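Examining the three-dimensional arrangement
Next come the chains, spelled out residue by residue.
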Amino acid sequence: MTRMKWNPLDYLFPSRCVVCDDVTNRPGDHVCDKCRHQIVYIKEPYCLKCGKQLNREGKEYCDDCKKSRHLFDQGTALYDYGSMADSLFRFKYGGRMEYAVFYGKDLYEKKARWLEMIRPDALVPVPIHFTRMKSRGYNQAQLIARELSRHSGIPVNEKLIKREVRTRPLKNLSHAERQNNLKRAFKICQNDVKLNTIVVIDDIYTTGSTIDSMTEVLMEAGICRVNFITLTIGRGI
């Protein structure tokens, strides 16, 4: 009989489901049995520019990417936002930093081929302002990037760019307000940037204002191609 490997800490500190936050059915699991089929992954057809789920075959770009000029090269996302909104909220504001272990592994398993195609020199997490870092205690994008790096072997560069301005929360702002809010928000921290292609890591993509604002600064520093991966994304049309 094969002996099962177990860790006593799994029983003292049981894993919580990243979807519903209940204790999982088995030690070490990150998703409970009842929630496994509730996660909605982004799949074809999706926008070739930002990665939003499209509603019908034959379309190549979502309406937003048709009418807006985005500066980044290409983006992709893992989950439909609606299916993981509660999970993301607990991860971002509720101290559930351990969710990053599952997110990073899932990102790698689903996006390894995309990463091989992009061949980035580094993963760059979207920075948060130091005051927000002080109050929250962690940067959720940084945690995701570290876990993805652990699986992919792609290095994380956490000191390339910083958020110079504490911007207002973007969720209730219009597209124009988001753009104005993010003007001069980011600043390169290195004088000699020797990176050709990077992948920006964030938790959610909505209008692309944050990624575009970062891309503008990164390209001015000499980076040729800026792509992104986010955990979640809204749906396109």
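Per chain, residues are indexed from 1 in the order of the written sequence. Two thresholds apply to this predicted model, a pLDDT of at least 70 for residue-level local features and 80 or more for giving and counting side-chain atom pairs, whereas whole-chain, interface and lining totals are computed over all residues. The side-chain quantities take in all heavy atoms of the structure and omit both hydrogens and water.

Brief notes about the state of the cysteines
Defined as follows: Our working definition of a disulfide is a cysteine sulfur pair at a distance within 2.5 Å.
Counted by the stated rule, this structure contains zero disulfides. Sulfur of C32: no disulfide; nearest cysteine sulfur belongs to C35 and is 3.5 Å away.

Here's the deal with the sheet that holds strand β2 (residues 122–125)
Definition in use: A pair of strands is considered paired only if DSSP assigns at least 2 bridges between the two. Put simply, DSSP H or I for four residues or longer makes a helix, DSSP E for two residues or longer makes a strand, and each gets a number counted from the N terminus. Every axis corresponds to a line fitted to the C-alpha atoms, with the helix fit spanning only the stretch in contact, and the corresponding angles, defined between N-to-C directions, vary from 0 to 180 degrees. Pairs of residues are marked as contacts when any of their non-hydrogen atoms sit within 4.5 Å.
Read from one edge to the other, the open sheet built from four strands follows the order β1-β6-β5-β2, with strand pairing classed as parallel. Two strands lie at the open edges of the sheet, namely β1 (74–80) and β2, each paired on one side alone. Direction aside, neighbouring strands of the sheet carry axes that sit 25° apart on average. In this structure, strand β5 (residues 197–205) lies alongside strand β6 (residues 225–233), joined through eight bridges in parallel fashion. In the sheet register, I204 faces β6, and the bridge partner there is T232. Packing against the sheet, helix α3 (residues 81–93) makes contact with β1, β5 and β6, and its axis sits at approximately 90° to β1. Taken strand by strand, helix α6 (residues 140–152) contacts β2, β5 and β6, and its axis lies near 125° from that of β5.

Digging into unusual backbone geometry
Residue P45 is reached from E44 by a cis peptide bond, and omega for that bond is 0°. As for its placement among the helices and strands, P45 is situated in the loop between α1 (8–12) and α2 (63–67). For D21, which is not glycine, the phi torsion reads 75° and is therefore positive. Unlike most non-glycine residues, R119 shows phi in positive territory, near 55°. Tracing the sequence through the fold places R119 in the loop between α4 (99–118) and β2.

Here we look at the packing of α4 against α6
As a reminder of what qualifies: For this classification, under 35 degrees means roughly parallel, over 145 means roughly antiparallel, 65 to 115 means roughly perpendicular, and everything else is oblique. Here is the rule for handedness: rotate from the far helix to the near one, and if that takes an anticlockwise turn smaller than a right angle the crossing is left-handed, while a clockwise turn gives right-handed. In this classification, the charged set is Asp, Glu, Lys and Arg, the nonpolar set is Ala, Val, Leu, Ile, Met, Phe, Trp, Tyr, Cys and Pro, and all remaining amino acids, among them Gly, are polar.
Direction vectors running N to C along α4 and α6 enclose 55°, while the axes themselves pass 8 Å from each other. Our classification of the angle between α4 and α6 gives oblique. When you trace α4 past α6, the crossing you get is right-handed. Where α4 abuts α6, its residues A100, V101, G104, K105, L107, Y108 and L115 lie against L143, I144, E147, L148, R150, H151 and S152. Looking at the contact of α4 with α6, its residues break down into eight nonpolar, three polar and three charged.

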